Amino acid sequence: MKIPSEVKLTYHARQRLDERKEVNSYYNTKNLMKSSCKWYNKDDFIKNSNLYLHSLYVCRKSHQIGYITDGKIEIVYNKNSKNVITVLKLDEKFLPITKFIKPEVLEQIKIKKEEKRLKKILNLECC
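Read on for a plain summary of the structure. As the structure is a prediction and not an experimental result, all values here were calculated from the model. (Residues numbered from 1 in each chain as written. Predicted model: local features only at pLDDT ≥ 70, side-chain atom pairs only at ≥ 80, totals over all residues. Heavy atoms only, no water.)

Secondary structure assignment for the protein yields three helices and four strands. Taken over the C-alpha atoms alone, the protein extends approximately 50 × 35 × 30 Å along its principal axes. In the protein, buried positions account for 39% of the 127 residues. In the protein, 53% of the contacts between residues at least 6 apart in sequence involve partners at least 24 apart. Across the protein, the 27 positively charged side chains and the 15 negatively charged ones have centroids separated by 5 Å. (Helix = DSSP H or I, 4+ residues; strand = E, 2+ residues; numbered from the N terminus. Buried < 20%, exposed > 50% of the residue type's maximum accessible area, 1.4 Å probe, protein only. Contact = heavy atoms within 4.5 Å. Lys, Arg positive; Asp, Glu negative; His and termini not counted. Charge placed at Lys NZ, Arg CZ, Asp CG, Glu CD.)

What follows covers the nonpolar core. Formed by 17 residues in total, the largest nonpolar core has its most connected members in Tyr 40, Phe 45, Leu 51, Tyr 67, Leu 90, Ile 97 and Ile 101. The leading source of residues in this core is helix α2 (residues 50–59), at five residues. With 14 residues, the next largest nonpolar core counts Leu 32, Trp 39, Tyr 77 and Val 87 among its residues. (Core = buried A, V, L, I, M, F, W, Y, C linked by side-chain atoms within 4.5 Å.)

Scanning all chains against the criterion turns up three aromatic pairs. For the pair Phe 45 and Tyr 67, a centre-to-centre distance of 6.4 Å together with 70° between the ring planes defines the contact as edge-to-face. Of the two residues, Phe 45 is situated in the loop between β1 (40–41) and α2 and Tyr 67 in strand β2 (residues 65–69); the sequence distance between them amounts to 22 residues. For Tyr 67, a relative accessible area of 0% translates into the label buried. With a centroid separation of 5.9 Å and 75° between ring planes, the pair formed by Phe 94 and Phe 100 is classed as edge-to-face. Both residues of the pair, Phe 94 and Phe 100, belong to the buried class. If you follow Lys 38 out to its NZ or CZ, it ends over the ring of Tyr 40, 5.5 Å from the centre. One residue, Arg 60, lies across the ring of Tyr 57, its end atom 4.3 Å from the ring centre. (Phe/Tyr/Trp six-rings, centres within 6.5 Å; stacked < 30°, edge-to-face > 60°. Lys NZ or Arg CZ within 6 Å of the ring centre and 35° of its normal.)

The next point concerns the pairing of strand β3 (residues 73–78). A large share of β3 lies buried, amounting to five of its six residues. Pairing of β2 with β3, which is carried by five bridges, proceeds in the antiparallel orientation. Looking at β3, one finds that Ile 68 is bridged to Ile 75. Counted along the chain from β2 to the antiparallel partner β3, the turn is three residues long, and its residue Gly 71 has a positive phi close to 100°. As defined by bridge partners, β3 adjoins strand β4 (residues 83–89) across six bridges and the pair is classed as antiparallel. In the sheet register, Ile 75 faces β4, and the bridge partner there is Val 87. (Pairing = 2+ DSSP bridges.)

Purely geometric numbers; function is a separate question.
Here it is in structure tokens:
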């Protein structure tokens, strides 16, 4: 399952986000996916891990309901309309989130960060 490129916040979801986000966190309220954080969906989690089972429970195995998290908050959204249904705070028993994510997904993230860093260094040396 791919993470959507656009997820809009309803008024209710915006209120829940304000209540449940950390003080120093910033989320883009026009399009949540443009926030400066890495989003994970239930396919990124290790099968039968506690967080994977939790995400299945939250979605109730519905094909219209999607689940994403950034490690601090959980987002439950409608896949068809791409509107956020609600925002939940991630329970402390799921922290740190990296212990529930597949190793190959973490490796891909690490490779992308390294490529981005190298590209930045090369651009600075060129000019």
